[in-house]
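In case you want the letters, here they are:
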Amino acid sequence: MFDKSTWIRLPRNVVVGHGVLDDAAAAVEELRLHGDPLVVTSPTPAKVAGDRVVEGFSDAGFDPRVVRIEEATFGAVEEVIEVAASDDVGYLVGVGGGKVIDVTKMAGEDVGKGFVSVPTAASHDGIVSGRASIPEGDTRHSVAAEPPLAVVADTEILADAPWELTTAGCADIISNFTAVRDWELAHRLKNVEYHEYAGALSRMTAEMLVENADSIRPELEESAWIVTKALVSSGVAMSIAGSSRPASGAEHLISHQLDRIAPEPALHGHQVGVASIMTEYLHSGPKGQWQDIRDALASIDAPTTAAELGIDEEIVIEALTTAHEIRDRYTILGDGMSEAAAREAANVTGVI
Ligand SMILES: NC(=O)C1=CN([C@@H]2O[C@H](COP(=O)(O)OP(=O)(O)OC[C@H]3O[C@@H](n4cnc5c(N)ncnc54)[C@H](OP(=O)(O)O)[C@@H]3O)[C@@H](O)[C@H]2O)C=CC1
Ligand SMILES: O=C(CO)COP(=O)(O)O
Ligand SMILES: [Zn+2]
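Given the structure is predicted, the values throughout are model-derived calculations rather than measurements.

What counts, and where the lines are drawn
- Residue numbering note: each chain is counted from 1, following its sequence as written.
- Chains carry letters from A onward and ligands carry numbers from 1 onward, assigned in written order.
- At least 70 in pLDDT is required for a residue's local features to be given in this predicted model, at least 80 for side-chain atom pairs to be given and counted, and no such filter applies to totals for whole chains, interfaces and linings, which use all residues.
- In computing side-chain properties, one takes all heavy atoms of the structure into account and sets aside hydrogens as well as water.
- A molecule or strand has a residue near it when one of that residue's heavy atoms lies within 4 Å.
- Counting of polar contacts relies on pairs of N or O atoms within 3.5 Å, with two restrictions inside protein: one atom must be capable of donating a hydrogen and the other of accepting it, and residues adjacent in sequence are counted only when both atoms are side-chain atoms.
- Shrake-Rupley sampling with a 1.4 Å probe provides the accessible areas, and residues are treated as covered by the protein chains on show and by no other component.
- Labels follow the DSSP assignment, with helices taken as runs of H or I lasting at least four residues and strands as runs of E lasting at least two, numbered in each case from the N terminus.
- Under the grouping applied here, Gly and all other residues not named as nonpolar or charged are polar, the nonpolar ones being Ala, Val, Leu, Ile, Met, Phe, Trp, Tyr, Cys and Pro and the charged ones Asp, Glu, Lys and Arg.
- Domain delimitation follows an automatic or database domain assignment.
- Looking at any residue, its pLDDT shows the predictor's confidence there, from 0 to 100.
- UniProt positions are given in the numbering used here, feature names are shortened, and annotations may be inferred rather than shown by experiment.
- Relative accessible area decides the class of each residue, using a 1.4 Å probe on protein chains only: under 20% of the type maximum gives buried, over 50% gives exposed, and in between gives partly exposed.
- In what follows, a contact means two residues having at least one pair of non-hydrogen atoms within 4.5 Å.
- For this analysis, a ring pair means two rings from Phe, Tyr or Trp (six-membered ring only for Trp) whose centres lie within 6.5 Å, classed as stacked if their planes differ by under 30 degrees, edge-to-face if by over 60, and tilted for the remaining angles.
- The pocket and cavity definitions rest on a 1 Å grid over protein atoms only: a 1.4 Å probe that fits but cannot leave marks a cavity, an open set with protein on both sides within 12 Å along at least five of seven lines marks a pocket, and residues lining either have an atom within 4 Å of a point.
- Grid points are joined across faces, edges and corners, and a volume is the space filled by probe spheres set on the points.
- Think of a nonpolar core as a cluster: buried Ala, Val, Leu, Ile, Met, Phe, Trp, Tyr and Cys residues, connected wherever their side-chain atoms sit within 4.5 Å.

Draft legend 1. Structural detail: the site of ligand 1. Around ligand 1 there are 28 residues in total, and Ser42, Lys99, Thr120, Ser123 and Ser129 lie nearest to it. Between an oxygen atom of ligand 1 and a side-chain N or O atom of Lys99, the distance comes to 2.8 Å. A distance of 2.9 Å separates a nitrogen atom of ligand 1 from a polar atom in the side chain of Asp102. Here ligand 1 loses 83% of its free accessible area of 930 Å² to cover by the protein chains. Where the shell around ligand 1 is concerned, the elements lending two or more residues are helix H2 (43-59), helix H4 (98-111), strand S6 (131-136) and helix H6 (163-174). Per-class residue counts for the shell around ligand 1 are 10 nonpolar, 11 polar and seven charged. For the shell around ligand 1, the domains that each give at least three residues are domain 1 (13-160) and domain 2 (163-348).

Below is the structure:
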C-alpha cells in the first residue's frame, strides 16, 4: 500500500509592489482572522515601516500591540510569546529583517497563532519560508514553523534599504547552487530524503537571478522586485521540502559558524555567498564552477573575499574546519576538513 503523506504549507496572500505597505491591514482582513495584531519589529525597521504598519492597523479599526526586539535570541522569542499569548492578540506581524521575521515566526508557532511577514530588507530568503533559525550557544536551531499567512513586500521600502542588504539577499539565493549540491550528495551518501521539485525550484531560482544580474542595480526599484521574487521562490522551495535543505548546505554551516566566532560577523547573505565559492570548489575541484559563483557574486557587488567580509582570514579557516559541528546535516564538509585542506580551498579560490 502507498502510505506516504506530506503537507506543503504556503502563504495565502503574497503582495509585492510599490507602496503595498499601506495594504497590510487589507491583506490581513481578507484572511478573516480574529483578534488584534501584535506587531514585532526592531529599531531601524520600526522607523522605516513598523510605525506606519501600526498606524495602518489602527486606522483600519484594530488595536495593535507592539514589541520591539534587538536580537534574534530565545530571550527575544520569549518576550514576544508573553504578549502574543494574550487572548486579545489574534495574529502576529513581523516587520523587519531576517532577525525579526524568524523571532516572530517562532513565537507565532509556539502560541499557535498565524503571522504575517513584512520584510524591510530583501536580505534573506526566510521572508516566506516555513523555517525559523535561531542561534543558541554552540549550535543553531533551524526549526519547522508556520510559514506566513501573508507576505507584504513593499518594493519602495526594499529599494530604499541600504544596497548591501539587497546584495546579501542575492548572495543568499546564489548560494542555493551549492546547497542543492550538498543535498544531492547527502541523498546519495546518506540516503537523506531528496525532493526533486524543491531542488529544481531552488536551483532555477538561482539561475534566474544570475541571468537578471544586469538589472540588479542600486536605487533601481526593479532590482528589489527581481530579488524579492527570487526570495519568495526560494522560501517556497523550503516549504515544499519541509526543510531548509534546498537553500542551506555547507555554505550555511560555515556562515553560522562565522556568526559564532567572528568578533563582527558580516551579513548572513554575504557570508553564505563567500562560503559558497569555497564549497563549490570542494564539490567540483579547481576547474569546477567556483569561478562562476564568484563572478556572479561580484557582478551584483557582493563580497567574494574574507577581507571584503571584514573577517580575519584565520577566523575563516577556523570556521571551515569546525562548521560540520554546527548541526547534524551531512554536506561536502563530511565529518570535518583538515586545516591544510581548508587553507588550500580558501587560497585557490582567492577568499584569503
Ligand atoms: N528562516 C529562514 O528560512 C531564514 C533565516 N535567515 C536568518 O535571517 C537572519 C539574517 O537576516 P538579515 O536581514 O540579514 O539580518 P537582520 O534582521 O539582522 O538585518 C540586518 C540589518 O539591517 C537592518 N535593517 C533592516 N531593514 C532595514 C532598512 N529598511 N533600512 C536600514 N536598515 C535595515 C537591521 O536593523 P535592526 O538591527 O534595527 O533590526 C539590521 O541591522 C539570520 O539570522 C539568518 O539565519 C536567513 C535566511 C533564511
Ligand atoms: O538561511 C537559510 C536559507 O537561506 C536558512 O537555513 P538554516 O536552516 O541553515 O538557518
Ligand atoms: Zn540563508
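What follows picks up the thread again.
Draft legend 2. Structural detail: the confidence of the model for the protein chain. In this model, the protein chain carries a mean pLDDT of 95, and residues with pLDDT of at least 70 account for 100%. Here the predicted complex scores 0.96 on pTM and 0.96 on ipTM.

Draft legend 3. Highlighting the UniProt feature "binding site: substrate" (unreviewed entry) in the protein chain. Listed under "binding site: substrate" (unreviewed entry) in the UniProt record, and renumbered for this structure, are Asp125, Asp172 and His256. Inspection of the secondary structure puts Asp172 in helix H6. Of the residues examined, Asp172 reaches a relative accessible area of 0% and is grouped as buried. Sequence-distant contacts of Asp172, that is, excluding residues within four places in its chain, are made with His124, Asp125, His252, His268, Gly269 and Val272. Looking at where His256 falls in the secondary structure, it is placed in helix H10 (residues 250-261). Residue contacts for His256: discarding those within four places in its chain leaves Arg140, His268, Ile326 and Arg327.

Draft legend 4. Looking closely at the environment of Pro265. For Pro265, the position within the fold is in the loop between H10 and helix H11 (268-284). Each C-alpha atom of the pair Pro265 and Leu309 lies 8.0 Å from the other, and the pair is 44 residues apart in sequence. Look past the residues within four positions of Pro265 in its chain and what remains in contact with it is Leu258, Asp259, Gln271 and Ile311.

Draft legend 5. Highlighting the site of ligand 2. In the vicinity of ligand 2, the contacting residues are Asp125, Ser133, Ser142, Asp172, Met238, Ser244, Ala247, Ser248, His252, His256, His268 and Arg327. Between ligand 2 and the protein, one listed contact pairs an oxygen atom with a side-chain N or O atom of Asp172 at 3.2 Å. Ala247 has a polar backbone atom sitting 3.4 Å from an oxygen atom of ligand 2. Across the complex, the protein chains shield 93% of the 310 Å² of accessible surface that ligand 2 would expose by itself. Looking at the shell around ligand 2, its residues break down into two nonpolar, seven polar and three charged. Per-domain counts for the shell around ligand 2 show at least three residues from each of domain 1 (13-160) and domain 2 (163-348).

Draft legend 6. Highlighting the packing of aromatic side chains. Counted by the stated rule, this structure contains three aromatic pairs. Pairing Phe57 with Phe62 gives two aromatic rings, centres 5.7 Å apart and planes at 75°, and the pair type is edge-to-face. Both residues of the pair, Phe57 and Phe62, count as buried. The interplanar angle of 55° and the centroid separation of 6.4 Å between the aromatic rings of Phe57 and Tyr91 together place this pair among those described as tilted. Taken together, the residues span a long stretch of sequence, with Phe57 in helix H2 and Tyr91 in strand S4 (residues 89-96) at a distance of 34 residues. The same class applies to Phe57 as to Tyr91, namely buried.

Draft legend 7. Representation of empty space enclosed by the protein within the structure. Scanning all chains against the criterion turns up one cavity of 30 Å³ or more. Taken as a whole, the largest cavity spans an internal volume of roughly 40 Å³. Along its surface, the largest cavity is lined by Ile254, Leu258, Gln271, Val274, Ala275, Met278, Leu309, Val316 and Val351. For the lining of the largest cavity, the elements supplying multiple residues, two or more each, are H10 and H11. Considering each element in turn, the lining of the largest cavity owes the most residues, four residues, to H11.

Draft legend 8. Structural detail: the nonpolar core. Ranked by size, the top nonpolar core spans 58 residues in total, and within it Leu209, Ile254, Ile311 and Leu320 carry the most contacts. In terms of residue count, helix H9 (residues 221-241) provides more of this core than any other element does, eight residues in total. Counting only domains with at least three residues in this core, you end up with domain 1 (13-160) and domain 2 (163-348). When residues no more than four places from it in sequence are discounted, the contact partners of Ile254 are Ala275, Thr279, Ala319, Leu320, Ala323 and Leu333. Grouped together as the second largest cluster of nonpolar side chains are 22 residues, Ala72, Ala76, Ala84 and Ile134 included.

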